[in-house]
Amino acid sequence: MYEQELPSNLDDFPNYNLKQSAESEKVIVDDDQKKKAAYQFMQSLEKNLRTKISSPQQRIQTIAVSLELYDTIFNKIYCNTLYKETLFPMAETLEDAFNDEFDSITKLLFNESCYRHAFQSVQQQFNLQTAIESWQNYQLLFAALQQKQNIDLPLPPSWIWDILDEYVYQFYVSSRWRKLLKNDEIANLYNIQDFWNLEEMLQTLETFYNQRNNSLQTTFQYLAYYSYLATAKLHVMSGNFTAGYSILSSIQHSELIIYSKSGGAYQSLFSYTGFCFLLNKEYKKANLTLTLIVNYFNKYKQLYTKSYQYDSLIKQHEKILALLAVTSLFYPEIEDNIITLLKESRNKLFEKYEKMLKYDQQIIGEVFLQSCPKIINTIKNLKELQTEKELNPNDLIIDVKDKILKEVFEAKKINDVEQVLALYNQITFQHFNKILPQKYVQLYIDRNNVALSENPFESTILSKFWQKSKLLDIEVQNDTIHVKEAPVNQRDFINQLAQMNANLEKNILELTKSL
């Protein structure tokens, strides 16, 4: 374990700032009552958005009200009970039904949540009209937020991240639908003049993230920083891993507190960075990056239980844990507590992990596909939407999986170096070559002794946790490989003594009971 941990503020966790709403005590079954509940939600949201903030304390209180409205009332109560299997009425429908009029930003925020509910929970099949309407609503919402950048709207960071994360997710769903169209169905797309596409999305996000300023903590600044992370996700999803890594590697330690205010954003930042390290064959960095976020979330996961997001955060935690298990094949230094988490996982990861250690290609491929980010042939622009022929949307992810499986063969041989040298204090290359090709010795040394780069992510974040490899330390002198005697780490030694003492006390207690 590491003496330091990733930064966060306890006040930012849902269990500290999320109140239990009285709405949960209401029983509503009538359709008119359901519609009225949605209308009253919009009234409450607009009233809170219109609040004139005159002090930092008032800002905290107003954002807390927004968080309760968004997280508890809309998502936890309305989405899971009132509208669990039905679509929400759109804002315009509620205006007509109750002869009222709302601000445009209120309507756009409400409609975004409604479309999200449709995509994630209600519609079992892709609905083209819903996709078009949601895309247009996002364009209007982002334009409105850009215009209000000087007005500090009281929106909690978790809501802002959810908007951007859903923006990326709906693009994934829409791209998948488009790529699966048969050639004779593509002609029907010529009438579509406005639809999801990568070029416009990147331009939209760029207008926000170019205005990042970590000296300010306003709603617009969260939008700016989270747009930067969403852009990295878009690049990775589209197979442009170099561009994604370029963004992620430029994030520095002083900015982590901004991302920590949303559990989903924090998980995405470290899981996507770890994934890029894995693809770049920087295995020790991938291992450390994923370990950091797994340990962090495991420590604080109980502070998310009040949030509707808890289950999805747990699922993402298990995905990252599975990706770490894959990464450990390439850099086999894994903490004891990670093994414990694998054993306790919902998805029986430890059973799969044991098979992966035997280099079971099928299991490794299966776990990798389950744990890696979404990757797909995306819609690059409107011209491609209307003209590109039928294409397998999974081609990219299959190529990445095949690349990983091919590299596993090399990783096994590098790992075998340690198995061989564990039997010897020293061995000549002539003798070693009878067991393994000589080149794997240098590959083993290079992998274990990799240095951090100067980019901000490595120099300001990973550097705080970077440790000398605990794997076998070797050096080459002339034609002989020497195994160095591992120095005893005082902290590790004390921990081992404490564990031995605890085991001894346990054994004595059990022995006493049996007497």
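Higher on the page you've got the structure.
Residues numbered from 1 in each chain as written. Predicted model: local features only at pLDDT ≥ 70, side-chain atom pairs only at ≥ 80, totals over all residues. Heavy atoms only, no water.

Trainee: Sorry if this is basic, but what is going on with the pairing of strand β2 (residues 474-477) here?
Mentor: Successive residues of a regular strand alternate their side chains across the two faces of the sheet. The sheet contact formed by β2 and strand β3 (residues 480-483) spans four bridges and is antiparallel. The partner of Ile474 across the bridge, within β3, is Val483. A loop of two residues connects β2 with β3, the two strands running antiparallel in sequence, and Asn478 in this loop sits at a positive phi of about 55°. (Pairing = 2+ DSSP bridges. Helix = DSSP H or I, 4+ residues; strand = E, 2+ residues; numbered from the N terminus.)

Trainee: Help me understand the pattern of salt bridges, please; the structure alone is not making it clear to me.
Mentor: A side chain with one charge may pair with a side chain of the opposite charge, provided their charged atoms come close. Evaluated as defined, the whole model comprises 20 salt bridges. With a closest N to O distance of 3.9 Å, Arg116 and Asp162 form a salt bridge. Taken together, the positions of Arg116 in helix α5 (residues 104-122) and Asp162 in helix α7 (residues 157-179) put the pair 46 residues apart, joining distant regions of the chain. According to the relative accessible area criterion, Arg116 is buried, its value standing at 6%. A salt bridge links Lys285 to Glu282, with the shortest nitrogen-to-oxygen separation between them at 2.7 Å. Judged on exposure class, the residue Lys285 and its partner Glu282 are both buried. (Salt bridge = Lys/Arg side-chain N within 4 Å of Asp/Glu carboxyl O. Buried < 20%, exposed > 50% of the residue type's maximum accessible area, 1.4 Å probe, protein only.)

Trainee: When you look at the nonpolar core in this model, what are you seeing that I'm missing?
Mentor: The nonpolar side chains of a soluble globular protein tend to be buried, and buried together. The biggest cluster of nonpolar side chains holds 161 residues, and the ones touching the most others in it are Phe110, Tyr226, Phe270, Phe275 and Phe368. It is helix α10 (residues 219-237) that contributes the most residues to this core, twelve residues altogether. If we ignore the near neighbours within four places in the chain, the residues touching Phe275 are Val236, Phe241, Leu323, Phe368, Cys372, Pro373, Ile375 and Val400. (Core = buried A, V, L, I, M, F, W, Y, C linked by side-chain atoms within 4.5 Å. Contact = heavy atoms within 4.5 Å.)

Trainee: Looking at this model, I keep getting lost on helix α17 (residues 349-356). Mind explaining?
Mentor: Each α-helix winds once per 3.6 residues, and so residues spaced three or four apart point in a common direction. Taken as a whole, α17 has its buried residues at Leu349, Lys352, Tyr353 and Met356. The buried residues of α17 occupy one face: seen down the axis, they fall within an arc of 105°. In this fold, the buried residues of α17 make contact with α15 (310-327), α16 (336-344) and α18 (361-371). (Arc of directions from axis to C-beta.)

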